[in-house]
Amino acid sequence: MRSIAEPPGTPGVGGRSARLPTVLVGLVVVLVALVLYLASNPYRDNLYNHFVWQAEAYLRGEVAIEYPAPSTATEPGNWYFLDVYPISPTRALVPFPPLPALVLLPFVAAFGRAVDQEAIAIGVSALAVGAAWWMLGRLSVRIAVRLLATVFFALGTVFWWTASVGSTWYFAHSVALVPALLAVGVAIRGDPRAVADPSDDDPEDAHDGPLPEPRPPRRLVLSLDGRQLAAGFLLGMAATARLPMIFGAPFLVLVGSGGTWSRRAISAGVGAAIPVLALLAYNVATTGHAFHPGYEYQYQLEATGYPTLGYHPDWAIEDLRYVPQNLAIMLGSLPVLLPESLPDSLRPGAVPLCVETSVRGLFDPACPLAVPRDIGTSLLLSSPAYLLVLGTLRGWGRSRLVTGALLAIGAIALLDLMHFSQGWVQWGYRFSNDFVPFALPLVALGATAAHGRVRSVAVVLVVASVLVNAWGVAWGNLLGW
């Protein structure tokens, strides 16, 4: 069976003569994404900038932020923040992992609280697009497939909305995705035998089954593999911005350098443990708990404050009983079609719409054809190109990359679906950002036809994904999300 990991001279990947145009194409994709992200959020009000306040506290030698702080004539305060854990009448802890605040440290040091967090988030998001382009280049796919998959990530998923908004929760996603995408790329690059092509039905190879793993020489002490340790460290770093990312670990057990699954797992585990244990030590030092109590505080606050969202304060913050209702949001939540009014959750006051002479429009707040729901929009509707993953399912058990990616997607998605909140208020399904680094290689493989060509259906699905997200981003701005 053929391998779909990077061999020398692969179209769009190998050969020095091919590298310069490949790099230039990647730079163009990153610049186009940067311009579109900036255009999608021209005002950048920075209302929810928890990490700016956190970075400022670090610079003062503290962990707790000033709270509640009143607004001034030049900048907003934070008196309206809900996602904080008050510890005194004038101080509160930010419960979110600290990596995004650390990213902001030099900017806050230079500009103070006036720093434009959302502009920085857009820049970090453009870097994530570059990381996706690089990661996809570790696969033996043509440059057209690589370009299509990168465009899908940048503009055909909820990442477009994530990048352009850049508020506290979305900034955390953008920061986490850079090391997560690099972790996947490092693992694939170090394991050229990771993928048995599920589309290859060569009868000469039919007897092979899953590709065998080479046996490393016996050693008295199991040594660590440096590349795989780096991949684990990058994934652990991603978890210090978005905790669910660490559940992508099954991918690094099956894919990466090291020669055997045990050496891959131990090497990646040691690498991931460095930032993860640092995060746990940070939580213990600042709260006395390994897991931040601010999450439970926020859970109870939202469960009692927003009864229409279906939260259950007597359930755990991560509870299997939340899976059915959250799965309905993830896969089944549809826009409001032909609305007669916008409910309070979309526009306060249940504003009447569409007088008798009105003509409904795609982007007309006074008389819309459809309006996205603030609880989220079905992943299948907002990003239909994810359906390309279905074309790789036959690789389950035959391809370590496909198997590892599916296990990682499943583990992360289950954890997110067990969570009481699904990312409200949002366009699309923002928690899909947590597993997109592992889904993107499968999208690229699913978009590849015989002889490496791009499947026509893949182009149609990616174009549809981009158009739907353009509509969603526009409506998110119209609704003030």
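As a starting point, this report considers the structure included with it.

The rules behind the values
Residues numbered from 1 in each chain as written. Predicted model: local features only at pLDDT ≥ 70, side-chain atom pairs only at ≥ 80, totals over all residues. Heavy atoms only, no water. Pairing = 2+ DSSP bridges. Helix = DSSP H or I, 4+ residues; strand = E, 2+ residues; numbered from the N terminus. Core = buried A, V, L, I, M, F, W, Y, C linked by side-chain atoms within 4.5 Å. Buried < 20%, exposed > 50% of the residue type's maximum accessible area, 1.4 Å probe, protein only. Contact = heavy atoms within 4.5 Å. Phe/Tyr/Trp six-rings, centres within 6.5 Å; stacked < 30°, edge-to-face > 60°. Lys NZ or Arg CZ within 6 Å of the ring centre and 35° of its normal.

## Side note on the sheet that holds strand 3 (residues 91–93)
With antiparallel pairing, three strands are arranged side by side in an open sheet as 1-3-2. Edge positions in the sheet fall to strand 1 (65–66) and strand 2 (85–88), since each of these pairs with one other strand and no more. Pairing between strand 2 and strand 3: three bridges, direction antiparallel. Considered in strand 3, the bridge of Ser88 is made with Arg91.

## So, the nonpolar core
In terms of nonpolar packing, the biggest core is built from 118 residues, with Tyr37, Val129, Phe153, Leu181, Phe251, Leu401 and Phe438 touching the most fellow members. Of the residues forming this core, the biggest block, 14 residues, is contributed by helix 7 (residues 168–189). Once residues lying within four places of it in the same chain are set aside, the contact partners of Phe153 are Ala128, Val129, Ala132, Phe159, Leu177, Leu181, Val436 and Leu440. Residues Tyr299, Trp315, Ile317 and Tyr322 belong to the second largest nonpolar core, which totals eight residues.

## As for the packing of aromatic side chains
Counted by the stated rule, this structure contains 20 aromatic pairs. Through a chain of ring-to-ring contacts, the aromatic side chains of Tyr48, Trp79, Tyr80, Phe81 and Trp169 assemble into a single cluster. The aromatic ring of Trp133 is capped on one face by Arg146, whose charged end is 4.2 Å from the ring centroid. In this structure, Arg430 is placed above the aromatic ring of Tyr170, and the distance from its NZ or CZ to the ring centre is 5.7 Å.

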